[in-house]
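# Structural overview for review
The residues making up each chain are set out below.
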Amino acid sequence: MAIERTFSIVKPDAVAKNLIGAIYGRFESAGLKIVASKMVHLSREQAEGFYAEHSERPFFKALVDFMTSGPVMVQVLEGEDAVRRNREIMGATNPADALAGTLRADYADSIDENAVHGSDAPESAAREIAYFFSDEEVCPRTR
Ligand code: IDP
């Protein structure tokens, strides 16, 4: 299995609950390496652009309101099968459906405020990484 990169967000609810370290710990315990990371407070334009595929959905305005309600951590995770493994660590979109021990089961309150984002495919990962990071900001881990 090839080394892959995926894009992840610790959403405003989880940042507000002081869970950045706990969530980063889950990534690292699972063998995913953090190869880029920064805190940002998204503008409406940034959030709308990031979630453009959902722009016609009824929850779009609430999603943008939430994602701009406070700072987030954005990060690139690297490892074998990183996209799928990160989705496993996150759990289902609705925390009520998320398996025990996943981030959303443990830390999310609702489908609207569900603690984390993770790319759903290698193609979206590449697009999402480029949305937030330049090539120079991603640091391959060779040691
Ligand atoms: P994902 O984050 O698990 O990939 P997506 O279907 O891509 O889920 O939806 C993006 C985000 O939009 C979700 O994480 C959630 O915050 C929000 N969302 C998705 N579906 C609903 C819904 O039915 N009601 C409210 N918010 C939703």
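By the naming in an unreviewed UniProt entry, the chain is Nucleoside diphosphate kinase, taken from Oceanimonas baumannii. We quote the UniProt Subunit (unreviewed entry) comment for the chain here in full: "Homotetramer." Among the UniProt annotations of the chain, the heading Subcellular location (unreviewed entry) holds the following wording: "Cytoplasm".

## Quick look at the packing of aromatic side chains
What the rule picks out here adds up to seven aromatic pairs. Pairing Phe50 with Tyr131 gives two aromatic rings, centres 5.9 Å apart and planes at 55°, and the pair type is tilted. Of this pair, Phe50 sits in helix α3 (residues 44-50) while Tyr131 sits in helix α7 (residues 122-132), and the two are 81 residues apart along the sequence. Here Phe50 falls in the buried class, since its relative accessible area comes to 7%. Judged by relative accessible area, which is 37%, Tyr131 ranks as partly exposed. Each residue in the set Phe7, Phe50, Tyr51, Tyr131 and Phe132 is aromatic and connected to the rest through ring pairs, giving one cluster.

What counts and how
- Sequence order as written defines the numbering, with residues in each chain counted from 1.
- Only residues with pLDDT of at least 70 get local features here, since the model is predicted, and only at 80 or more are side-chain atom pairs given and counted; chain-wide, interface and lining totals rely on the full set of residues.
- Note: side-chain values were computed over all heavy atoms of the structure, leaving out hydrogens and water.
- UniProt positions are given in the numbering used here, feature names are shortened, and annotations may be inferred rather than shown by experiment.
- Paired rings are identified among Phe, Tyr and Trp, the last through its six-membered ring, by centres lying within 6.5 Å, and are further divided according to the angle between planes into stacked (under 30 degrees), edge-to-face (over 60) and tilted (the rest).
- Going along the chain from the N terminus, every DSSP run of H or I of four or more residues is numbered as a helix, and every run of E of two or more is numbered as a strand.
- For each residue, the accessible area found with a 1.4 Å probe, counting protein chains only, is set against the maximum for its type, and the residue is called buried under 20%, exposed over 50%, and partly exposed in between.

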